[in-house]
Amino acid sequence: MNKYEVLKKFFGYDSFREGQEILIDALLGGKDVLGIMPTGAGKSICYQVPALLLSGITLVISPLISLMKDQVQALNQAGIHAAYINSSLTENQITKALQLAAQGRYKIIYVAPERLETYGFLEFARGADISMLTVDEAHCISQWGQDFRPSYLKIVQFIKQLDKRPILSAFTATATENVKEDIVCVLGLHNPEVLVTGFDRKNLYFAVETPRKKDEFVLRYIREHEGESGIIYCATRKNVDMLYEKLAAQEIAITRYHAGLSNEERRRNQEDFIYDTCPVMAATNAFGMGIDKSNVRFVIHYNMPQSLENYYQEAGRAGRDGEPAECILLYSAQDVVINRFLLDSKEENQDFTEEEAAAVRERDEERLRTMNYYCLTKNCLREYVLRYFGESGNGDCGNCSNCQREYESMDMTDAAKKIITCIQEMRGRYGINVVAGTLTGDDRAKLREYGVAAYASYGSLNEMTEAGIKQIINQMLIEGSLEVTKDKYALLRTTGRAEAVLSGEERVFIKELMKTPVYESDSNSRMAHGVSASSKKRISDILNSRGLKLFEQLRSLRVQIAKEESVPPYIIFSDKTLVDMCVKTPFSKEEMLHVNGVGENKFARYGERFLQEINEFTSGVREKFYFGEQEEFQSDMGRIQMGNGAGAGRKAPKSEFCLSKEQAENFLYAEKYLAAELAEKLNDLRDADTVKKISGAEIFRRIQAEGYAKEEYRNGMRKKSVSAAGEAAGILIGMRMSKNGTEYEDIYYCEKAQRMIVEWFVST
Ligand code: ADP
Ligand code: ZN
C-alpha cells in the first residue's frame, strides 16, 4: 500500500491536508520531523499514516490520558490495531497489553511519559521493533512553554536505552521560537524536517460582539443553533454556574465543567458533552485539553481570555472536522478589570526570584493587552491573530465580524496630534484615564489633585467625549504611535512613529459602524450579521427539507450505533460525512465509498446499515436532497455560495463584488496600496446594499490564479512570492514588522496593478 491508499482505506479521506504530505514523506524517508500545526489541522494523520507503512511499531507519547483513549478507539474503529498504556489501566491489564505488544499485535501504542521508565515497559521496548517514536504535545518538553512537564524529559533517557534509535517525530500547536528550539534541542532531533503550517483556520468565523446583556445573547444564539454542539468559556467558576443555571432553566441541554466540581461530576459532564447528551458545555478554561470532539460548531467566550494564545487555542476547538464553525468573543470593558484581578491574585511561583517574578508579570500584562486590542480593533480579526503568530495574512479575510461589518473611516489625525502633544507635555506620567480627562477639560477631584489644569493641553479636545478620545488612543496603541509601560499602571508614552503623525506623514483613522448598520449589537436585534452571513453554510442551507429529514434519520442511526458500541457518535461518522451521504445518496457499496470519511473499514462496520437506512428512506428512488449544484458543493463545502441557500425570510442575497464603469472611474489611485487598503478602497465604491464586499484574501487568490504570485513552503514556513509577471504587473512584496517584533511579508499593489485589478471587477 502507499500513503494515499492508507489514507483512503483506513481514514476514508481522498487527499492530504496542507503540510501533511511533507511530514509524512520525510518520515517515510527516515528523517526526523517537527510539525507545528494549529489545533484541528490534522497532526494525527501525519504520524498515523507513516506508522502503518513503517515495518515496526510506533510509540506515541502523549500527556493526556483522555485523549489516548479517544485516539485508540478511533483507530480501532478504522481497523487499525492500536492500544494505550497508562495509569487508567490496572497492573494486570498493563501486563496483558505488553504481552500482546511484544507479540507484535499493535502497530501503534500510546503511552504516558511516566510509563517509559518502568521496568516492564523498558523490557518490552528493548525486545521490540520500534520504527518510530512520536511525541505529541511536544511543547511540554520546553521550560519556556506554558505547560512544561518534567516527565517529558524521560523521553530522552528512554531513547538512549534502546538498541536502535527510532525515527523521531514531534508535534505541537505552540509556535513560539523558544519552544521550537527547545523541542529540537532537548529531544535531540537529527536534522529534522521542520514544518509550520499556516495557523489560519479557514473554516472558523471570528467575531467580537459587545452585547449589553451577554446571557441573553448566549441564550438566543443557542436557540438559533439548536442541535449544534458548542462550548461557552467563562473566566470564573461563578460565571459558569450562573450561566449554567440560567440556561438550564430555559431548558437548554447544557452541562458544565470547572475545577470546583467533584472528579466524578466532571467526568460525567464531560461524557455528556462528548456523547452529545448535552451538546452545550459551560466551562472555565480548565476544560478542553485533550477533548477531541470534532463537531463543535461554536465556541463562545463569555469573557475575554488572558492572552491571544489561550484564545486561539480555546476557540480552535471549534470546527475540527473542517466544517464551518463560529468563534465569538463577548467583550465588555469589565473583562479587562476581571483579568487584571485574576493576574493579581495568581499564585506566584515560589521558585522565582523577585526579578523573574516581575518579568513574568510583565509578560502577562503584555499578553493581556494584546488580547484587549484584539477586542478593540476594527480591522480584520484573523489578520490580527496571524500577524501575532508571525504569519503574513492577506489584509482582510472576508470571514470575520470586522470584515463583514460596514464601517465608515474617519480621519482623526488632528485629534491624534493633540493627544500626542498632551502625552509629551505630561512626560509619560499618566495613564489613559487621566490623559482623556485632561483633554476634555474635565474637572473631577482626581484631576484637580494632579493639577492637570496647568497643562496647555487641558481642554484642548473639549468638543469630544472621553470615550471618543479613548477610542483614538486605543487605535494609536494598536498602530504603534503610542505605547504603554509594561507594568500594571500602563502609563502612556509616545513612540518614534508619533513624529510621523505630528508631521502629517502618517494619518490616524477611526472606523465607526455605518449609520444604518447591517449588524446591530443591540440585544433586541437578531444577531443579524454574524449569523446570517455565515449561516449560508449551515447544514440547513446545504440540505433541503427532505434532505434534513434524511440527515436526522442518519443521525439517529448514528446515535443508536454509538450506544451499542459505547463510543461517541462522531467517532462513527462525522456530521460532514452524514451531510455528504445525504448529498450523494449512495445506493451501493461503491457509491458509499465515495462519501467523504467512509473508508473500507468503516464501510465494513457500518456501511450496510447506513445504506439500508437510505434505501428505506428513499424507497430506492433517487432524489435531490440539497440546494444548488452538487459540483459546487463538492468543490469546497466550507465556501459554498448557493444563491437559493439563504432560505426564506432573509434579505435577498447580495451579488458578488463588482463595480460599474462610473464607480470604477472614482477609484483613488495611489503609488502603493497594501492588500487591505486596496480592498477598502474598492469596497468604498460599491453599492453596499446589493453588492458583497471583496476581501484582500480574495484579491490575492485571484492574483495567484493569474500566476502573478504564489504561496508555498520555504524552510517549513508558508511564504509568499511574486513572479516575474507579477512584478511586471506592478505587484511587490515587502517586509513589515509586527508590534511584537516578528517580521512578516506583505503584498503591495502599485498603481499599475491597481488599474488592472479595478478593471477585473468592472461589470459590462
Ligand atoms: P490536531 O491533532 O492537529 O488538533 P486532528 O489530528 O485531531 O488534529 O485532526 C482534526 C480533524 O481533521 C480530525 O477529525 C481528522 O480526522 C481530520 N483530518 C485530518 N486529516 C484529514 C484529511 N487529510 N482530510 C480530511 N480530514 C482530515
Ligand atoms: Zn477578517
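Residues numbered from 1 in each chain as written. Chains lettered and ligands numbered in written order. Predicted model: local features only at pLDDT ≥ 70, side-chain atom pairs only at ≥ 80, totals over all residues. Heavy atoms only, no water.

Novice: When you look at the overall build of the chain in this model, what are you seeing that I'm missing?
Specialist: If you tally the helices and strands in the chain, you get 34 helices and 22 strands. The C-alpha atoms of the chain give a radius of gyration of 28 Å, which matches the 27 Å a tight globule of 764 residues would have. If one aligns the C-alpha atoms of the chain with their principal axes, the spans along those axes are about 85 × 70 × 60 Å. Counting over 764 residues, the chain shows a buried share of 54%. Excluding contacts between residues fewer than 6 apart, the proportion of contacts in the chain whose partners are at least 24 apart in sequence is 71%. Here the chain displays about 33,900 Å² of accessible surface, and carbon together with sulfur accounts for 48% of that area. Distance between charge centres in the chain, computed from 99 positive and 111 negative side chains, equals 1 Å. (Helix = DSSP H or I, 4+ residues; strand = E, 2+ residues; numbered from the N terminus. Rg over C-alpha atoms; globule rule 2.2 N^0.38 Å. Buried < 20%, exposed > 50% of the residue type's maximum accessible area, 1.4 Å probe, protein only. Contact = heavy atoms within 4.5 Å. Areas by Shrake-Rupley, 256 points an atom, 1.4 Å probe, with all protein chains shown as cover. Lys, Arg positive; Asp, Glu negative; His and termini not counted. Charge placed at Lys NZ, Arg CZ, Asp CG, Glu CD.)

Novice: Would you mind going over the pattern of salt bridges with me for this structure?
Specialist: Pairing between side chains of opposite charge can happen when the charged atoms of each approach one another. Following the criterion strictly, the structure yields 40 salt bridges and no others. Arg387 is the partner of Glu383 in a salt bridge, and the nearest nitrogen-oxygen pair spans 2.4 Å. Of this pair, Glu383 and Arg387 both sit in helix 15 (residues 381–388), separated by four residues, roughly a single helical turn. The burial state of Glu383 is the same as that of Arg387; both residues are buried. One salt-bridge network, held together by shared partners, links Glu264, Arg267, Arg268 and Glu271. (Salt bridge = Lys/Arg side-chain N within 4 Å of Asp/Glu carboxyl O.)

Novice: Just checking my understanding: could you explain the coordination of the zinc ion (ligand 2) for this structure?
Specialist: Each donor-metal-donor angle would ideally measure 109.5 degrees in four-coordinate tetrahedral geometry, or 90 or 180 degrees in six-coordinate octahedral geometry. Within the protein, the zinc ion (ligand 2) binds to Cys380 (SG), Cys397 (SG), Cys400 (SG) and Cys403 (SG); these donor distances fall in the range 2.3 to 2.4 Å. Geometry at the zinc ion (ligand 2) is tetrahedral, judged from its four donor atoms and the angles of 102 to 118° they form at the metal. Read N to C, the donor residues that coordinate the zinc ion (ligand 2) are spaced as C-x16-C-x2-C-x2-C. Under the relative-accessibility criterion, Cys400 is labelled buried at 0%. (Donors = N, O, S within 2.8 Å, 3.2 Å for Na, K, Ca; no water. Tetrahedral: all angles 85-135°; square planar, octahedral: opposite > 155°, others 65-115°.)

Novice: How should I be thinking about helix 31 (residues 675–685) in this particular structure?
Specialist: Because the α-helix completes a turn every 3.6 residues, residues three or four places apart line up on one side. Taken as a whole, helix 31 has its buried residues at Ala675, Leu678, Ala679, Leu682, Asn683 and Leu685. Seen along its axis, helix 31 keeps its buried residues to an arc of 155°; they face one direction. (Arc of directions from axis to C-beta.)

Novice: Explanation requested: the site of ligand 1 in the structure shown.
Specialist: Close contacts around ligand 1 come from 15 residues, with Tyr13, Ser15, Gly40, Ser44 and Arg320 the closest. The separation between an oxygen atom of ligand 1 and a polar main-chain atom of Gly42 is 3.1 Å. Compared with its free state, where it exposes 560 Å², ligand 1 has 84% of that area covered by protein. The element best represented in the shell around ligand 1 is helix 3 (residues 43–53), accounting for three residues. (Near = heavy atom within 4 Å. Polar contact = N/O pair within 3.5 Å; in protein donor to acceptor, adjacent residues only side chain to side chain.)

Novice: What is the right way to read the packing of helix 9 (residues 214–224) against helix 10 (residues 237–249) from this model?
Specialist: Packed helix pairs are characterised by how far apart their axes lie and by the angle those axes make with each other. Running from N to C, helix 9 and helix 10 cross one another at 50°; their axes reach a closest spacing of 11 Å. With respect to each other, helix 9 and helix 10 are oriented oblique. Considering the relative orientation of helix 9 and helix 10, their crossing is right-handed. Facing Asp215, Val218, Leu219 and Ile222 of helix 9, the residues of helix 10 in contact are Met242, Leu243, Lys246 and Leu247. Taken together, the residues that form the contact of helix 9 with helix 10 break down as six nonpolar, no polar and two charged. (Axes fitted to C-alpha atoms, helices over the stretch in contact; angles between N-to-C directions. Parallel < 35°, antiparallel > 145°, perpendicular 65-115°, else oblique. Left-handed = near helix turned anticlockwise from the far one by under 90°. Nonpolar A, V, L, I, M, F, W, Y, C, P; charged D, E, K, R; others polar.)

Novice: Is there a simple way to think about the sheet that holds strand 5 (residues 130–135) in this case?
Specialist: Strands belonging to one sheet form pairs held by backbone hydrogen bonds; the direction of such a pair is parallel or antiparallel. What the seven strands build is an open sheet, ordered 3-4-2-5-6-1-7; its pairing is parallel. Two strands close off the open sheet at either side, each with one partner strand: strand 3 (82–85) and strand 7 (193–196). Sheet twist, expressed as the average angle between the axes of neighbouring strands with direction ignored, equals 15°. Inspection of the sheet shows strand 1 (residues 33–36) paired to strand 7 by four bridges, in the parallel sense. Bridge pairing links Ile36 to Val196 in strand 7. Against the sheet, helix 6 (residues 119–127) contacts strand 2 (57–61), strand 3, strand 4 (108–111) and strand 5, and its axis sits at roughly 145° relative to strand 2. (Pairing = 2+ DSSP bridges.)

Novice: So what exactly am I meant to see when it comes to the pairing of strand 9 (residues 229–233) here?
Specialist: If a strand is regular, its side chains alternate between the two faces of the sheet. When you tally the buried positions in strand 9, you get five out of five residues, the bulk of the element. Judged from the five bridges that link them, strand 9 and strand 12 (residues 296–301) form a sheet pairing that is parallel. Across the sheet, Ile231 pairs through a bridge with Val299, a residue of strand 12.

Novice: Any chance you could explain the domain arrangement of the chain here in plain terms?
Specialist: For interface size, the figure often reported is the accessible area lost on association. When its domains are assigned, the chain resolves into domain 1 (3–196), domain 2 (204–404), domain 3 (407–514), domain 4 (539–641) and domain 5 (661–760). In this structure, domain 4 and domain 5 have C-alpha centres spaced 40 Å apart. (Domains from an automatic or database assignment.)

Novice: How should the environment of Leu376 be read in this particular structure?
Specialist: Here Leu376 lies in helix 14 (residues 354–376). Since its relative accessible area comes to 21%, Leu376 is described here as partly exposed. Through-space distance from the C-alpha of Leu376 to that of Thr197 is 27 Å; in sequence the pair is 179 residues apart. Residues contacting Leu376, with those up to four places away along its chain left out, are Tyr331, Asn474 and Ile478.

Novice: Is there a simple way to think about the sheet that holds strand 13 (residues 325–330) in this case?
Specialist: On the basis of which strands lie adjacent, the open sheet formed by six strands has the order 8-13-12-9-11-10 and parallel pairing. Each edge of the sheet is formed by a strand with only one pairing partner; in this case those strands are strand 8 (204–209) and strand 10 (254–257). The mean inter-strand angle of the sheet, taken between neighbouring strand axes irrespective of direction, is 15°. As judged from the six bridges shared by strand 8 and strand 13, these two strands associate in the parallel manner. Directly across from Val208, in strand 13, lies its bridge partner Leu329. Sheet strands in contact with helix 9 are strand 8, strand 9, strand 11 (280–283), strand 12 and strand 13, and its direction is about 170° off that of strand 13.

Novice: Got a minute to help me understand the packing of aromatic side chains in this structure?
Specialist: Ring pairs (aromatic) are described by centroid distance and by the angle formed between their planes. For the structure on display, the rule yields 18 aromatic pairs. Judged by centre distance (5.7 Å) and plane angle (80°), the ring pair of Phe273 and Phe287 falls under edge-to-face. Taken together, the residues span a long stretch of sequence, with Phe273 in helix 11 (residues 263–274) and Phe287 in the loop between strand 11 and strand 12 at a distance of 14 residues. Each member of the aromatic cluster is reached from another via a ring pair, and the members are Phe121, Phe124 and Phe158. Note that Arg702 overlies the ring of Trp760, its terminal NZ or CZ placed 4.2 Å from the centroid. (Phe/Tyr/Trp six-rings, centres within 6.5 Å; stacked < 30°, edge-to-face > 60°. Lys NZ or Arg CZ within 6 Å of the ring centre and 35° of its normal.)

Novice: I tried to follow the pairing of strand 11 on my own but got confused; where do I start?
Specialist: Both faces of strand 11 are covered, namely the face carrying Val280 and Ala282 and the face carrying Met281 and Ala283. Across four bridges, strand 9 lies against strand 11 in parallel orientation. When the sheet's bridge partners are listed, Tyr233 is paired in strand 11 with Ala283.

Novice: Which parts of the structure should I look at to understand the confidence of the model for the chain?
Specialist: If pLDDT is low for a region, its predicted coordinates should not be looked at in detail. Model confidence for the chain is summarised by a mean pLDDT of 85, while 91% of its residues fall at 70 or above. Predicted confidence for residues 515–536 stays below pLDDT 50, and this span has 39 contacts to residues more than four positions away or in other chains. Across residues 631–651 the pLDDT falls below 50, and counting only partners more than four positions away or on other chains, this stretch makes 36 contacts in the model. (pLDDT = per-residue confidence, 0-100.)

Novice: Would you explain unusual backbone geometry in this entry?
Specialist: One non-glycine residue, Asn191, lies in positive phi territory at about 35°. Examined against the element boundaries, Asn191 turns out to sit in the loop between helix 8 (177–187) and strand 7. At Glu251, a residue that is not glycine, the phi angle is positive and equals roughly 60°. Mapped onto the secondary structure, Glu251 falls in the loop between helix 10 and strand 10.

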